[in-house]
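Below, each chain spelled out in residue letters.
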Amino acid sequence: MTELVATTDGASGTASTVTRHHEPWLSRRYTLEVRQHMPWHRQVLVLLLAVVAGLLVSGAILVAAGVPAGELFQEFVIATIFDAQSLQAVLFQASPMIMVGLAAAIAFRARFWNLGLEGQMVWGAIGATAMSIFEIGPPALRLTFMLCVAAACGLLWALGPALLKLHLGVNEIIATLMLNYIAGNFLLHLLYGAWKDPQSAFPHSPQFRGFERLPEFLGASGAAITLALIAMLLAWWLVKLSRAGLYLRFVDANPDVAHATGVPANRMMLLAVLVSGALAGVAGFLVAAGQEGRLTQAFHHGYGFSGILIAFLARNHPIAATAVALLIATLFVAGRSLQVFYQVPFSMVQLIQAIIVVCVASSDFFIRYRLRRVSPA
Amino acid sequence: MELIGHWIASIPDFAVPYALAALGLILTERAGVLSLGAEGLMLMGALVAIGMQLTLGSTLVSLTLSMLAASLVSVLFAAMVVWLRVHQVIAGLVLVFFCQGLSSLLGTLLGWTSVPVTAQGPVALWPLSELPLIGGLFVQNPVALLTPFIFLAVAWFLQHSGTGLKWRAVGENPQAADAAGIPVSAYRFVAVLAGAALVGLAGAYISLLSTKLWIAGMTGGRGWIAVGLVIFARWSPWKALAGAVLFGCVEALIPQLAAAGVQLPQYFVLMTPYAITLGVMIWVALGRRVGVHAQPGALGEPYVREERR
């Protein structure tokens, strides 16, 4: 079906006649075009719309799961952010989140899919706990020792897959994931065996002593969140200001050219992965010495996935990762209260994270491409 | 001797989920879509199989619906990678998170968690089932007995049918396939859904035919092991079957050793599948230095007509 439409040509003011086709929707043909550039404020708008869409879908699922719709806003926004105690809980939860987010972001900048954050966290916490159990180092320096050993343990657990990828081309996704399961089972081996709490006979390690716990100032989470912010600044320096960061961007943009111009790509990748492992190890230390006060069975669950999602949503930018980590921590805290008050299983939090990432990942499409209708020939 | 008989008879229970999941992944990846979502799809298959068994009570219907459910959730993945060109690693990981969350949410809300079910039991393939020592291998549930034929069908389809040729062309060189008039996106979309159905069946096997109940996260990384198995098998169905049988042999050995009174440290035993996967990956990498590179040419690359690479 064709009709004639008169339009006015704005520049000259003369009327011209064009033919426009009205076809059934399904038979229209579209083609994809690669966009050259989209101004950053429109990119941010698209991103925000995507996050809002994700939250709306998640809200609908929560309502379907039996949470009264009116309570949702109250629970998530008012009770979590504008309540001093909940804000404390969010900051408390955020510090290890920031660490794993930074860890993932730095590894991803080197095009290394470090899915082994949880395993590296486990080893970090095991290393820190070993310092406590075997009473290594004077009490005044114990906490520092625990921090350093945790970083070293995480780093070493990341070293294996990094070397395997560099020298043998072993797929790091599978290698790091398998190491997670191995670390998790080793943790259980310790907690059900030699490291079981002798006082309560529960499968967790004995309580840390007072000087082995992160000090509290400016509220309960002071030291942990300070450490996380220091890590953020260091990571920002590493990826934005240091020579290594420049090299990494170069490698990321075009590995072949980077290699041809003499960028030590392999060494940079190794460096990034080791820093990533060390950060994840420190995250394990933060949970053990900051939150739990001991080594527990399942403390690492969910952090690996959250770290990856944080890095993805933040596009591997350290400061953005910190902001996203705060959001995810809010989600965790709100999720926990939903679990208590409405019997919504905690897996809901994971589902919401996934939905938000689906929306953001899909919105990327509109930033990178444009759909254009093919004019009928 | 009796112990060896028991061991051989229990191998398929461990091997079939790996085999079916790996076959599903090969089917998807041969069309050029890197599929990391197996762990999540297996969970969905496992949940739906138990849920349908509890509500409808027919094993065949439950298995079919679990395959459909896995295909249905993978529409999300297919839309992301085929239409929206989302990075395939990210999309695959998100699919896993999504299914982990969704399956345990549904399992809890619908009350399907930790409820034992009864399902179709083993069928004896007389006279093979009367053979000494290996007779137990032929007393299996119908899915295990059908698995070799499923492999035969998929391998024949990929290697010898006309559609299979186009399927592989889309995975090797989508530009050329497009130029030859093959609808690349449609093939990839179907490849994701078809592969997901097999992966879902693998999950359903674990819950409905093997464990006979649903627990959140019950696949315990077997989907990831299947992803590793595909790399080990170099995207060849028969090698994947061999790898799955190898894994099944090792895993089936552990309970038999325990039954024979061999004391093993429990958590180190639980590590073995993951440690073996890692070992196999290293072994394959050592071999790849001299061998051929069998990965589909366009694996993991989204296809956009306008982008010339």
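Basis of the calculations
For every chain, the first residue of the written sequence is number 1, and numbering continues from 1 onward in sequence order. Throughout, the order in which chains and ligands are written sets their labels, letters from A for the former and numbers from 1 for the latter. Restriction of local features to residues with pLDDT of at least 70 applies here, the model being predicted, together with a cutoff of 80 or more for giving and counting side-chain atom pairs; totals for whole chains, interfaces and linings are based on all residues. The side-chain figures draw on all heavy atoms in the structure; neither hydrogens nor water molecules are used. What counts as a helix is a DSSP run of H or I of at least four residues, what counts as a strand is a run of E of at least two, and both are numbered from the N terminus. The globule rule is 2.2 Å times the number of residues to the power 0.38, and the radius of gyration it is compared with is taken over C-alpha atoms. Summary of the burial criterion: residues with accessible area below 20% of their type's maximum are buried, those above 50% are exposed, and those between are partly exposed, where the area comes from a 1.4 Å probe applied to protein chains only. Contact criterion: two residues are considered in contact whenever any of their non-hydrogen atoms come within 4.5 Å of each other. Only the protein chains shown count as cover for residues, and the accessible areas themselves come from Shrake-Rupley with a 1.4 Å probe. Like-charged residues are merged into a patch within 9 Å and nonpolar side chains (Val, Leu, Ile, Met, Phe, Trp, Tyr) within 5 Å, provided each residue has over 30% relative accessible area and no salt bridge. Think of a salt bridge as a Lys or Arg side-chain nitrogen and an Asp or Glu carboxyl oxygen that are within 4 Å of each other. UniProt positions are given in the numbering used here, feature names are shortened, and annotations may be inferred rather than shown by experiment.

A. Main features of the overall build of chain B. Counting its regular elements, chain B contains 11 helices and 2 strands. Going from N to C terminus, chain B has its helices and strands arranged as α-α-α-α-β-β-α-α-α-α-α-α-α. Expected size for 309 residues packed as a compact globule is a radius of gyration near 19 Å; at 20 Å, chain B falls within 12% of this value. Projected onto the principal axes, the alpha-carbon positions of chain B cover approximately 65 × 50 × 40 Å. Buried residues in chain B amount to 55% of all 309 residues. Considering only contacts within chain B whose residues lie at least 6 apart along the sequence, 78% involve residues at least 24 apart. In the structure as shown, chain B presents an accessible area of about 12500 Å², 69% of it carried by carbon and sulfur atoms.

B. Molecular detail of a nonpolar patch on the surface. A surface patch of nonpolar side chains, about 500 Å² in accessible area, is lined by Ile4, Leu125, Leu128, Leu131, Leu133, Ile134 and Leu137 of chain B. A relative accessible area of 36% means that Leu128 of chain B is categorised as partly exposed.

C. Focus on the UniProt feature "transmembrane region" (unreviewed entry) in chain A. Residue and element names in this part refer to chain A. The positions UniProt marks with the feature "transmembrane region" (unreviewed entry) are residues 44-67, 87-108, 143-164, 173-195, 217-239, 269-289, 321-342 and 348-367. Here residues 44-67 runs as 88% helix and 0% strand, with 31 Å between its end C-alpha atoms. Along residues 348-367 the backbone is 100% helical and 0% strand, and the end-to-end C-alpha distance reaches 29 Å.

D. Structural context of unusual backbone geometry. Between Trp126 of chain B and the following residue, Pro127 of chain B, the backbone shows a cis peptide bond with an omega angle of 10 degrees. Its place among the elements puts Pro127 of chain B in the loop between β1 (123-124) and β2 (139-140). At Asn316 of chain A, a residue that is not glycine, the phi angle is positive and equals roughly 60 degrees. By the element assignment, Asn316 of chain A lies in the loop between α11 (303-313) and α12 (318-342). Looking at Asn316 of chain A, the relative accessible area reads 18%, which means it is buried. The residue Leu133 of chain B is not glycine, and still its phi comes out positive at about 65 degrees. Among the structural elements, Leu133 of chain B can be located in the loop between β1 and β2. Residue classification places Leu133 of chain B among the partly exposed positions, given a relative accessible area of 39%.

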